[in-house]
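Descriptive structure summary
So the chains spell out like this:
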Amino acid sequence: MQSITPVILAGGSGTRLWPLSRKSYPKQFSPLIGDTSLFQATARRLHGTAGKIRFEKPVVVANSDFRFIVTEQLTEVGIDPGTVMIEPSGRNTAPAVLAAALHLMDRNPEAVMLVAPSDHLIQDNAAFHQAIAKGMKAVNDGRIVLFGIQPDRPETGYGYLELDTGGDDCLPLKAFVEKPDLTTAEAMLSKGNYLWNAGIFLFRASDVVDAFQKHAPEIVPPVQASVSNAQPDLGFLRLAPADWDRAPNISIDYAVMEKASGLAVVPYNSDWSDLGGWDAVWRASDQDNSGVAAIGNVTAIECKDSILRSESERLELVGIGVENLIAVAMNDAVLIASKDRAQDVKLAVDRLKAKSATQAEDFPKEHRPWGWFESLVIGGRFQVKRILVHPGAALSLQSHYHRSEHWIVVEGTARVTVDDKVTLVSENESIYVPLGAKHRMENPGKVPMVLIEVQTGSYVGEDDIIRYEDVYARGQGAKG
């Protein structure tokens, strides 16, 4: 049986799917299609055994803000997190893939790795596993394998792979083609020997390291040093930041693949999408007879070829007579756009950043290693939050300079520390935390604990926090 280690890249921001996808909580962690996140679906697809392939524990590459989201979501679907490598900063896919390859080579020089983005939608797992099996024949011959998607339309948003011939087996790559204009895309579709570049790779770790040393040698020393000097941290592996930041910011396609020779391509002929815009989500979603994808609390009246999506349990989205429309509603932001302008959503994010709107990057539900919170109301000198704490989890021992807090437990039981006093606060009970008091909240129970927090004071920002103890080893600041 052939052993493969999945390397899951989970650091993207997905701005084209704003407002659901934001820098603080990007699309790979959201249930865009179905009940599980794209990240969870990717991990499940690359888990266990499939024919003569056995998947080892994954290596996940993510940034520090996502580290607890990664482990929480893997645990939810029953997958051992394996190695979670923490990137000190985003340097694109080339350094990330090289770091994973060097890490695997230290454990097994013959390790085979499948590199996969965490935000792609692949619903036919059996077909994908068959494609991997076809690619393994070339990998065992020392070749680097790419996966190409059989196009079903003249798509201008993807790069293409040109093959010498068409077919279903592992085929030689002739050339990479950048994102084309519509006329070129139509011509390539009619020729039949062009595939969409899926950005999924299969190779031996030693072979891709050799390719880096040959075609992008400037990347190897800083990434090698960052891996060698990496530090374990609560089960994560933190790459050394000073070394990492010297690595070029470049994709693996530009750094290595477009320069290497003898690459092989496996055509994948089943459903695939990178969900790179709301038009792609519309195509992948269940639609009614009028082509309307209605998701969440939605009422559609005489609408056509549109996606209407409400992400708020308190908000009903109603569409009347609309056509070719994207409408996505959340508690703090609403997107209305023509479906033909789906790729321009990132322009809205840029405009929001320019006006310092928090909605540009901050998700309304803030995820923490102990659970999550969301702001319900914010005023000049007060804020009301809903907070959920996982069973057995605890917030840090902390204090605030500028605010006091009232906590009202609405589900479960909280163990609350205020200075030297520890109190159990049950459902329908409350407790007051004075300004400046050292305090901590814990959930000693076996079910999630939910409370309402009322903050009052001259400043209620998340950065007004001093941590004294923290089981998650975070530093100071809003997230630590």
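Residues numbered from 1 in each chain as written. Predicted model: local features only at pLDDT ≥ 70, side-chain atom pairs only at ≥ 80, totals over all residues. Heavy atoms only, no water.

With an unreviewed UniProt entry as reference, the protein chain is termed mannose-1-phosphate guanylyltransferase, source organism Thalassococcus halodurans. Per its UniProt entry, the protein chain bears the Catalytic activity (unreviewed entry) comment "alpha-D-mannose 1-phosphate + GTP + H(+) = GDP-alpha-D-mannose + diphosphate". What UniProt states about the protein chain under its Sequence similarities (unreviewed entry) heading is, verbatim, "Belongs to the mannose-6-phosphate isomerase type 2 family." (UniProt positions renumbered as here; feature names shortened; annotations may be inferred.)

Let's shift gears to the overall build of the protein chain. Of the regular secondary structure elements, the protein chain holds 11 helices and 30 strands. On C-alpha atoms alone, the protein chain measures out to a radius of gyration of 24 Å, which is about the 23 Å that the 2.2 N^0.38 rule sets for 480 residues. Each principal axis of the C-alpha atoms in the protein chain carries an extent, and together these give about 70 × 60 × 40 Å. The buried share among the 480 residues of the protein chain stands at 53%. Residue pairs in contact within the protein chain that sit at least 24 positions apart in sequence constitute 68% of those at least 6 positions apart. Computing the positive centroid from 48 side-chain charges and the negative centroid from 61, the protein chain places the two 2 Å apart. (Helix = DSSP H or I, 4+ residues; strand = E, 2+ residues; numbered from the N terminus. Rg over C-alpha atoms; globule rule 2.2 N^0.38 Å. Buried < 20%, exposed > 50% of the residue type's maximum accessible area, 1.4 Å probe, protein only. Contact = heavy atoms within 4.5 Å. Lys, Arg positive; Asp, Glu negative; His and termini not counted. Charge placed at Lys NZ, Arg CZ, Asp CG, Glu CD.)

Turning next to the pairing of strand E18 (residues 325-329). The element E18 is largely enclosed, with a buried count of 5 among its 5 residues. Burial of the side chains of E18 extends over both faces: Leu325, Ala327 and Ala329 are buried on one face and Ile326 and Val328 on the other. Relative to E18, strand E16 (residues 307-310) runs parallel, the two being bridged by 4 bridges. Residue pairing across strands places leucine 308 opposite alanine 327, the latter belonging to E18. As paired elements, E18 and strand E19 (residues 334-338) share 5 bridges and run antiparallel to each other. (Pairing = 2+ DSSP bridges.)

Our next topic: the UniProt feature "domain: Mannose-6-phosphate isomerase type II C-terminal" (unreviewed entry) in the protein chain. Within the UniProt annotation, "domain: Mannose-6-phosphate isomerase type II C-terminal" (unreviewed entry) is assigned to residues 362-470. End C-alpha to end C-alpha, residues 362-470 measures 23 Å, and it is 0% helix and 58% strand.

Further remarks concern the pattern of salt bridges. With the rule as written, the count across this model stands at 21 salt bridges. The closest approach of N and O atoms between arginine 309 and glutamate 311, which form a salt bridge, is 2.5 Å. A single network of salt bridges, built from pairs that share partners, joins Asp152, Arg153 and Glu155. (Salt bridge = Lys/Arg side-chain N within 4 Å of Asp/Glu carboxyl O.)

A few words on the domain arrangement of the protein chain. Assigned domains within the protein chain: domain 1 (2-273), domain 2 (278-342) and domain 3 (365-469). Between the C-alpha centres of domain 1 and domain 3 there is a distance of 39 Å. At the interface, 4 residues of domain 1 touch 4 residues of domain 3. Here domain 1 meets domain 3 over a buried area of about 380 Å², counting both sides, of which 62% is carbon and sulfur. By the criterion of area lost to domain 3, the three top residues of domain 1 are Tyr25, Phe68 and Glu72, representing 80% of everything that side buries. Our enumeration of links across domain 1 and domain 3 arrives at 0 salt bridges. At the boundary of domain 1 with domain 3, the tally comes to 1 residue pair in polar contact (both at pLDDT 80 or more). Partitioning the side of domain 1 that touches domain 3 into residue classes produces 3 nonpolar, no polar and 1 charged. (Domains from an automatic or database assignment. Buried area = accessible area lost by both parts, 1.4 Å probe. Polar contact = N/O pair within 3.5 Å; in protein donor to acceptor, adjacent residues only side chain to side chain. Nonpolar A, V, L, I, M, F, W, Y, C, P; charged D, E, K, R; others polar.)

Before going further, it helps to examine the sheet that holds E16. Reading across the sheet, the 4 strands line up as E14-E16-E18-E19 and stay open at both edges, with mixed pairing between neighbours. The open sheet has two edge strands with one neighbour each: strand E14 (293-295) and E19. The average angle at which neighbouring strand axes cross in this sheet is 5°, direction not considered. (Axes fitted to C-alpha atoms, helices over the stretch in contact; angles between N-to-C directions.)

With respect to the helices and strands, methionine 441 occurs in strand E28 (residues 439-442). With a relative accessible area of 1%, methionine 441 lands in the buried category. Spatially, the C-alpha atoms of methionine 441 and asparagine 108 are 44 Å apart, while their sequence positions differ by 333 residues. Beyond its immediate stretch of four places on either side in the chain, methionine 441 contacts Ile387, Val389, Ala394, Leu395, Trp407, Arg415, Met449 and Leu451.

Here we take up unusual backbone geometry. Cis rather than trans, the peptide bond between tryptophan 18 and proline 19 has omega equal to 10°. Following the sequence through the fold, proline 19 ends up in the loop between strand E1 (2-9) and helix H1 (38-45). Positive phi values are uncommon outside glycine, yet leucine 234 reaches one of about 50°. Phi at serine 356 is positive, roughly 60°, even though this residue is not glycine. You can see serine 356 is positioned in the loop between helix H11 (345-354) and strand E20 (365-368).

The next subject is the packing of H1 against helix H2 (residues 67-76). A pair of packed helices is characterised by two quantities: the angle between their axes and the separation of those axes. Put simply, H1 and H2 touch, their axes get as near as 10 Å, and they point 60° apart. Comparing their axes, H2 and H1 come out oblique. Seen along the crossing, H1 lies across H2 with a hand that is right-handed. Packed against H1, whose contacting residues are Phe39, Gln40 and Ala43, the element H2 presents Val70, Gln73, Leu74 and Glu76 at the interface. Across the contact of H1 with H2, the residue classes break down as 4 nonpolar, 2 polar and 1 charged. (Parallel < 35°, antiparallel > 145°, perpendicular 65-115°, else oblique. Left-handed = near helix turned anticlockwise from the far one by under 90°.)

Taken together, the side chains of Ile301, Val318 and Ile320 define a hydrophobic patch exposed on the protein surface, amounting to about 280 Å² of accessible area. Assignment of secondary structure puts isoleucine 301 in strand E15 (residues 298-301). Relative accessible area serves as the criterion here: at 38%, isoleucine 301 is assigned to the partly exposed category. (Patch = residues over 30% accessible without salt bridge, like charges linked within 9 Å, V, L, I, M, F, W, Y side chains within 5 Å. Areas by Shrake-Rupley, 256 points an atom, 1.4 Å probe, with all protein chains shown as cover.)

Taken together, the buried positions of H11 are occupied by Val345, Val349 and Leu352. For H11, the angular spread of buried residues about the axis comes to 65°, placing them on one side. Turned more than 90 degrees away from the buried face of H11, the exposed residues are Arg351 and Ala354. Of the surrounding secondary structure, the elements contacted by the buried residues of H11 are helix H10 (278-284) and E19. Looking one or two places after H11, you find serine 356, whose phi comes out positive at around 60°. (Arc of directions from axis to C-beta.)

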